[in-house]
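Listed below, chain by chain, are the residues.
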Amino acid sequence: KQEVTQIPAALSVPEGENLVLNCSFTDSAIYNLQWFRQDPGKGLTSLLLIQSSQREQTSGRLNASLDKSSGRSTLYIAASQPGDSATYLCAALSSGSARQLTFGSGTQLTVLP
Amino acid sequence: SQTIHQWPATLVQPVGSPLSLECTVEGTSNPNLYWYRQAAGRGLQLLFYSVGIGQISSEVPQNLSASRPQDRQFILSSKKLLLSDSGFYLCAWRSSYSGANVLTFGAGSRLTVL
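Enquirer: It is not clear to me how the pattern of salt bridges should be interpreted in this structure. Could you clarify?
Expert: Any two side chains of opposite charge can pair if their charged atoms end up close together. Under the defined criterion, the tally for this structure stands at four salt bridges over all chains. The partner of Asp 39 of chain A in a salt bridge is Arg 37 of chain A, and the shortest N-O contact between them spans 2.9 Å. Salt-bridge contacts for Asp 71 of chain B lead to Arg 68 of chain B; the nearest nitrogen and oxygen are separated by 3.3 Å. Accessibility expressed as a relative area gives 3% for Arg 68 of chain B, which makes it buried.

Below you can see the structure in the form of structure tokens.
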């Protein structure tokens, strides 16, 4: 059974700092890995999706990497802003027929102005 | 284009009362449908998924049930709510096409059981 872990659980940084969020998964038989953002009391916003055959994806100040062999993914946020404050979730899509998405428990990011 | 709708967005219910959360998808046919729950301080947990009408798979034993009376309708229910049922419930869909590997989520339904 897939297990996804995110470290750290919470992170507080000053504005302008570059930061890395970590995600690890136990079963490397995945179709893709996705990073989401969740604002308090809100639903999920998809940020980046990395297919299993890819090594990284970039969108603006965000860069996500995937190393299937080691079961790890990272989300790099450059030049952080207070508006980046949210909970960041990673999720691995299993290779089973139902394509289940297994989530980590998230990293709560606070960017201080 | 495809859209997913969930309602109600917010619900406050007393312990022991029934529950019905509804999710519908537009613009596609025969989607795979999912119910997730996010309890306070915990990650998103898959509760149920469905690959077709009347086909429901449960991932965790619980006080809840799911039904799929129509192709694009997925309902989460309970006969008697418990305090532990409080949480944020998210519905998601995925194309049944074998190469489709992206789940799209609804806006969520926040349930508070008092």
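Enquirer: Just checking my understanding: could you explain the state of the cysteines for this structure?
Expert: Joining two cysteines, a disulfide is a covalent bond between their sulfur atoms. One pass over the full model with this rule turns up two disulfides over all chains. Here Cys 23 of chain A engages in a disulfide with Cys 90 of chain A; their sulfurs sit 2.0 Å apart. Torsion about the S-S bond of the Cys 23 of chain A and Cys 90 of chain A cystine: about 75°, corresponding to right-handed handedness. Of the two residues, Cys 23 of chain A sits in strand S3 (residues 19-25) while Cys 90 of chain A sits in strand S9 (residues 86-94), which places them 67 residues apart along the sequence. Both residues of the pair, Cys 23 of chain A and Cys 90 of chain A, count as buried. One disulfide in the model links Cys 23 of chain B with Cys 91 of chain B; its S-S distance is 2.0 Å. Measuring handedness by torsion sign, the sulfur bridge of Cys 23 of chain B and Cys 91 of chain B sits at about -75° and is left-handed. Taken as a pair, Cys 23 of chain B in strand S3 (residues 19-26) and Cys 91 of chain B in strand S9 (residues 87-94) lie far apart in primary sequence, 68 residues in all.

Enquirer: Help me understand the sheet that holds S3 of chain A, please; the structure alone is not making it clear to me.
Expert: Sheets are built from strands paired through backbone hydrogen bonds, the pairs being either parallel or antiparallel. All names here are of chain A. Overall, antiparallel pairing links the five strands, which are arranged S1-S3-S8-S7-S6 in an open sheet. Of all strands in the sheet, those bounded by a partner on one side alone are strand S1 (4-7) and strand S6 (56-59). Shown here is a sheet whose adjacent strand axes are inclined to one another by a mean of 15°, direction ignored.

Enquirer: Before we go on, may I ask you to explain the interface of chain B and chain A in this structure?
Expert: Where interface size is given, it is often the accessible area lost as the parts come together that is meant. With 20 residues of chain B in contact, the opposing surface of chain A contributes 19 residues. Together, the buried faces of chain B and chain A total about 1500 Å²; carbon and sulfur atoms form 54% of this surface. Ranking the residues of chain B by area buried against chain A places Leu 44, Asn 101 and Phe 105 of chain B at the top, with a combined share of 33%. The interface formed by chain B and chain A contains zero salt bridges. Where chain B meets chain A, there are three residue pairs in polar contact (both at pLDDT 80 or more). Elements with a contribution of two residues or more to the side of chain B that touches chain A: strand S4 (32-38), strand S5 (44-52) and S9 of chain B. No other element matches S4 of chain B, which puts four residues into the side of chain B that touches chain A. Grouping the constituent residues of the side of chain B that touches chain A by class yields 12 nonpolar, five polar and three charged.

About the criteria used
- Residues numbered from 1 in each chain as written.
- Chains lettered and ligands numbered in written order.
- Predicted model: local features only at pLDDT ≥ 70, side-chain atom pairs only at ≥ 80, totals over all residues.
- Heavy atoms only, no water.
- Salt bridge = Lys/Arg side-chain N within 4 Å of Asp/Glu carboxyl O.
- Buried < 20%, exposed > 50% of the residue type's maximum accessible area, 1.4 Å probe, protein only.
- Disulfide = S-S within 2.5 Å.
- Helix = DSSP H or I, 4+ residues; strand = E, 2+ residues; numbered from the N terminus.
- Pairing = 2+ DSSP bridges.
- Axes fitted to C-alpha atoms, helices over the stretch in contact; angles between N-to-C directions.
- Contact = heavy atoms within 4.5 Å.
- Buried area = accessible area lost by both parts, 1.4 Å probe.
- Polar contact = N/O pair within 3.5 Å; in protein donor to acceptor, adjacent residues only side chain to side chain.
- Nonpolar A, V, L, I, M, F, W, Y, C, P; charged D, E, K, R; others polar.

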